[in-house]
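So the chains spell out like this:
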Amino acid sequence: MSNNTIDWDNLGFSYIQTPYRFVAKHENGMWQKGDLTDDPYLKIHEGSTALHYGQQCFEGLKAYRTKDGSINLFRPYENARRMNESARRLRMPEIPEEMFVEAVKAVVRANEDFVPPYGKGATLYLRPLYIGVGANIGIKPAPEYIFTIFCMPVGPYFKGGLAPTNFIVSDYDRAAPMGTGAAKVGGNYAASLLPGYEAHERNFSDCIYLDPATHTKIEEVGSANFFGITRDNKFVTPVSPSILPSITKYSLLHIAKERLGMEAIEGDVYVNELDQFAEAGACGTAAVISPIGGIQIEDDFHVFYSETEVGPVTEKLYNELVGIQFGDIEAPEGWIVKV
């Protein structure tokens, strides 16, 4: 596919095949060198544990075109560390952090024509994928593994970009209390397909999951993390062993405290105490920041700042984060890696 056919102003969040991807194999107890390929298909054995037992994990990160034409990566070593945390949870060999980051850089360089121009609000989304493969039928770690990274240009994850949308509290659990909720594994997302479908059928952007142990506290917003701005100007985001540790969330905690002078708190967010929040949002690599207009909780609909307008603090957080990512605002040390 040529980048000449891409409408940079109207990109959605969907698959677009780009020319190159990285593939490396782990065989006989060691990583092979890995290389770029133009083949978008993986050939794997029918006994692969990724197919039968869900031994797989993935990541998501972005490359950003700056005003001077260079390309930024945002905290890629954090993605490397989180992928290894997921890998350890599933008894998969760790991927050397430098190998991960260098592979990301190689994929971006090889597909540089598909990094959207500065000023379009679009990015190059990268999907590192790690799967257990090889001949196997027993419930045990795979004999071999494949690590691959592919990419595509994307626009906003939620339609409308930085515009409030509404969500509904789900009766389903995203993950078990001591399960794989903190790992970025495919099974968590498979479990979210039905709740997400039911939310969309009722015209909500997605569903909100409560803590699986007590069903009293907000944990995640679809595949993103929740945050709220209290009426006394505190930034609050849930803490739980079954929440995915979002790189965007931890970046916003830092920005709220160090850049906006707010008290930044990881703590419990009780679903019956939402009146404390003047604003709320969802955050993540794909979503960036998506303001929450309102939440449907059984028969009640709770509105935060507005169903149509972005709250002032949410907008400041968004502008600071995106400004850092695109190189318009000075980043905290180590956050930006040049390609």
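The structure displayed is predicted, hence computed values, not measured ones.

Criteria and cut-off values
Residues numbered from 1 in each chain as written. Predicted model: local features only at pLDDT ≥ 70, side-chain atom pairs only at ≥ 80, totals over all residues. Heavy atoms only, no water. Helix = DSSP H or I, 4+ residues; strand = E, 2+ residues; numbered from the N terminus. Buried < 20%, exposed > 50% of the residue type's maximum accessible area, 1.4 Å probe, protein only. Polar contact = N/O pair within 3.5 Å; in protein donor to acceptor, adjacent residues only side chain to side chain. Contact = heavy atoms within 4.5 Å. Salt bridge = Lys/Arg side-chain N within 4 Å of Asp/Glu carboxyl O. Core = buried A, V, L, I, M, F, W, Y, C linked by side-chain atoms within 4.5 Å. UniProt positions renumbered as here; feature names shortened; annotations may be inferred. Expected span 1.5 Å × (residues − 1). Pairing = 2+ DSSP bridges.

The next point concerns unusual backbone geometry. The phi dihedral of N28 is positive, around 55 degrees, even though this residue is not glycine. Counting through the fold element by element, N28 comes out in the loop between strand 1 (21-27) and strand 2 (30-31). In the Ramachandran plot, H215 falls in the positive-phi region, its phi being about 55 degrees despite a non-glycine side chain. For H215, the position within the fold is in the loop between strand 10 (206-210) and strand 11 (218-221). The partly exposed category is assigned to H215, whose relative accessible area is 39%.

All right, on to the side chain of T148 then. You can see T148 is positioned in strand 8 (residues 144-154). A distance of 2.7 Å separates a polar side-chain atom of T148 from the backbone oxygen of F22. Sequence-distant contacts of T148, defined by excluding residues within four places in its chain, comprise R21, F22, V23, L42, R127, P128 and L129.

Further remarks concern the pattern of salt bridges. Counted by the stated rule, this structure contains 13 salt bridges. Measuring nitrogen to oxygen at the nearest pair gives 3.5 Å for the salt bridge that ties E102 to K105. Within this pair, E102 and its partner K105 are both found in helix 3 (residues 97-110), separated by three residues, close to a single helical turn. Note on E102: relative accessible area 36%, which makes it partly exposed. Across the pair K234 and E263 runs a salt bridge, and its minimum N-O distance is 3.9 Å. Here E263 lies in strand 14 (residues 263-267) and K234 lies in strand 13 (residues 234-238), a separation of 29 residues in the sequence. Connected through salt bridges with shared partners, the residues E78, R81 and E97 form a single ionic network.

Attention shifts here to the nonpolar core. Of all hydrophobic cores here, the largest spans 42 residues; its most connected members are V108, L126, Y130 and F147. Going through the elements one at a time, strand 1, strand 5 (61-65), strand 6 (71-74), helix 2 (76-89), helix 3, strand 7 (123-133) and strand 8 are the ones with two or more residues in this core. No other element matches helix 3, which puts seven residues into this core. The residues contacting F147, other than those within four sequence positions of it, are F22, V23, A24, W31, M83, I95, M99, F100, A103, P128, L129 and Y130. Counting 20 residues, the second-largest nonpolar core is a separate cluster that includes C283, L317, V322 and W335.

Moving on: the UniProt feature "modified residue: N6-(pyridoxal phosphate)lysine" (unreviewed entry) in the protein chain. As annotated in UniProt, the feature "modified residue: N6-(pyridoxal phosphate)lysine" (unreviewed entry) corresponds to K184 in the numbering used here. Counting through the fold element by element, K184 comes out in the loop between strand 9 (165-169) and helix 4 (186-190).

The subject of this paragraph is helix 7 (residues 312-325). Residue pairs spaced three or four apart in an α-helix point in one direction, given the helix's 3.6 residues per turn. Taking 1.5 Å per residue, 14 residues should reach 20 Å; helix 7 reaches 20 Å between its end C-alpha atoms and fits that length. Those residues of helix 7 lying buried are V313, T314, L317, E320, L321, V322, G323, I324 and Q325. Positive backbone phi, at 80 degrees, marks G327, one or two positions downstream of helix 7.

Where burial is concerned, most of strand 5 is hidden: five out of the five residues are buried. Residue alternation in strand 5 divides its side chains into two sets, L61, A63 and R65 and K62 and Y64, and both sets are buried. Direction of pairing for strand 5 relative to strand 7: antiparallel, over a ladder of three bridges. Opposite L61, over in strand 7, you have L126 as the bridge partner. Strand direction decides the pairing type here: strand 5 and strand 6, joined by three bridges, are antiparallel. Across the sheet, Y64 pairs through a bridge with N72, a residue of strand 6. Hairpin connection of strand 5 to strand 6: five residues between the antiparallel strands, including G69 at a positive phi of 90 degrees.

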